[in-house]
Amino acid sequence: MKRKTAIICDFDGTMTVKDIGDSILKHFKIANAQEIEKSYSLQTNFEKWMREKFKKLTAKPQEIEKYVLSIVQMRRGASDLIKFCKQNSIPFEIVSGGVDVYAEPILKKLKIKVKSFFGRARYSSDGYVLEYPFLDEKITLAQFKMNRVQSYHRKGMRVIFCGDGTSDLKAAKAADLVYATKKLLKLCKEKKIKCLPLVTFSSLQKSL
Ligand SMILES: [Mg+2]
């Protein structure tokens, strides 16, 4: 019998075409392109970086919602894949270093309801305080993503991981099959991790 499959998917730049968090920081002039590029270095603690930047963001949640809904473009096939997974009892979860203040309005608009891990943003007039309830000093975002892959392995399942960034690398190494784009695709090639290029989610769905 074929092993059951679970899918773990990053959000920014993977489920969405562009990185929404980065777009917000650029649009509200919190970080420039160069700083954002640096945040993707394997040496950067991504969650610490996000906390620092969102602390400087003073736009109200409604402004952020309006902005993200005006720019968001989902990767083709995302909603269909999620529907397919629901119908076929295939676990699908989002594991993201992004935050609820922008992810929730997007998922709500698209009527996507899946298990997901996002940071939580608390708004005050002097910036957002971010919390990552699933991370601590010992567990970085990259490790947490890898832990999610391993938790399905422990259940005897095969895991497909989709991602685009440096914090997806550990999870990609641990997964059985990787769909990668952008930085992750480059890193996987450099490190000889077997992966398929993620363009739309349709080919992934066809393979299930
Ligand atoms: Mg990403």
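What counts as what
- Residues numbered from 1 in each chain as written.
- Predicted model: local features only at pLDDT ≥ 70, side-chain atom pairs only at ≥ 80, totals over all residues.
- Helix = DSSP H or I, 4+ residues; strand = E, 2+ residues; numbered from the N terminus.
- Rg over C-alpha atoms; globule rule 2.2 N^0.38 Å.
- Contact = placed C-beta atoms within 7 Å.
- Buried ≥ 20, exposed ≤ 12 C-beta atoms within 10 Å, placed from the backbone.
- Pairing = 2+ DSSP bridges.
- Right-handed = clockwise from strand over helix to strand, strands pointing away.
- Axes fitted to C-alpha atoms, helices over the stretch in contact; angles between N-to-C directions.
- Parallel < 35°, antiparallel > 145°, perpendicular 65-115°, else oblique.
- Left-handed = near helix turned anticlockwise from the far one by under 90°.
- Nonpolar A, V, L, I, M, F, W, Y, C, P; charged D, E, K, R; others polar.
- Arc of directions from axis to C-beta.
- Core = buried A, V, L, I, M, F, W, Y, C linked by C-beta atoms within 7 Å.

Peer 1: So what's going on with the overall build of the protein? Which residues, and what values?
Peer 2: Of the regular secondary structure elements, the protein holds 10 helices and 7 strands. Against the globule reference of 17 Å for 208 residues, the protein gives a C-alpha radius of gyration of 16 Å, in line with a compact fold. Dimensions along the principal axes, computed over C-alpha positions, put the protein at roughly 55 × 35 × 30 Å. Put simply, of all contacts in the protein between residues at least 6 apart along the chain, 60% involve residues at least 24 apart.

Peer 1: Could you give an account of the pairing of strand S5 (residues 158–163), with specific residues and numbers?
Peer 2: Of all 6 residues that make up S5, 5 are buried, and the element is covered over most of its length. For strand S1 (residues 5–9) and S5, the ladder comprises 5 bridges, and the chain directions are parallel. Bridging from a neighbouring strand, isoleucine 7 pairs with isoleucine 160 of S5. Two strands pair when backbone bridges link them, and S5 and strand S6 (residues 177–180) are joined in this way by 4 bridges, in the parallel orientation. Bridge pairing in S6 places phenylalanine 161 opposite valine 178.

Peer 1: Help me get a handle on the pairing of S6, residues and values and all.
Peer 2: Between S5 and its parallel partner S6, the chain crosses via helix H8 (residues 169–174), and the hand of that crossover is right-handed. When S6 meets strand S7 (residues 196–197), the two strands line up parallel, connected through 2 bridges. Counterpart to tyrosine 179 in the pairing with S7 is leucine 196. The parallel pair S6 and S7 is bridged by helix H9 (residues 182–190), and the resulting crossover is right-handed.

Peer 1: Describe the packing of helix H1 (residues 20–27) against helix H4 (residues 61–71), with residues and values.
Peer 2: The interhelical angle for the contact between H1 and H4, taken along N-to-C directions, is 120°, at an axis separation of 11 Å. Classified by the angle between their axes, H1 and H4 sit oblique to one another. Considering only the axes of H1 and H4, their crossing is right-handed. Note on element contacts: H4 touches H1 through Ile64, Tyr67, Val68 and Ile71, opposite Ile20, Ser23, Ile24 and His27. Of the residues belonging to the contact of H1 with H4, the class tally is 6 nonpolar, 2 polar and no charged.

Peer 1: Which residues make up the environment of glutamate 35, and what are the values?
Peer 2: Along the chain, the position of glutamate 35 falls in helix H2 (residues 33–39). Residues glutamate 35 and cysteine 9, 26 residues apart in the sequence, show an inter-C-alpha distance of 25 Å.

Peer 1: Run through the packing of H4 against helix H6 (residues 100–109), naming residues and quoting values.
Peer 2: One way to put it is that H4 packs onto H6 with a least axis distance of 9 Å and a crossing angle of 50°. With respect to H6, the axis of H4 lies oblique. Remark: the crossing between H4 and H6 carries right-handed chirality. Contact residues: Pro61, Ile64, Glu65, Val68 and Leu69 in H4; Val101, Tyr102, Pro105, Ile106 and Lys109 in H6.

Peer 1: Which residues make up H9, and what are the values?
Peer 2: Listed in full, the buried residues belonging to H9 are Leu184, Leu187 and Cys188. Seen from one end, H9 has its buried residues packed into an arc of 100°, which puts them on one side. Counted as exposed and oriented over 90 degrees from the buried face of H9: Lys186 and Glu190. Buried-residue contacts for H9 involve S5, H8 and S6. Backbone geometry just after H9 places lysine 192 at a positive phi near 55°.

Peer 1: Please give an account of helix H3 (residues 46–55) that cites residues and values.
Peer 2: Along H3, the residues classified as buried are Glu47, Met50, Lys53 and Phe54. Across the axial projection of H3, the buried residues extend over an arc of 125°, all falling on one side. Looking at the packing, one finds that the buried side of H3 touches H1, strand S2 (92–99), strand S3 (115–124), strand S4 (127–131) and helix H7 (141–154).

Peer 1: Please provide a residue-by-residue account of the nonpolar core, values included.
Peer 2: In terms of nonpolar packing, the biggest core is built from 55 residues, with Ile8, Val149, Phe161, Ala172 and Ala175 touching the most fellow members. No other element matches H7, which puts 6 residues into this core. Ignoring any residue separated from it by four or fewer positions in sequence, one finds valine 149 in contact with Ile8, Val159, Phe161, Ala171, Ala174 and Ala175.

From the geometry alone we can't say anything about function, so treat these as descriptive.
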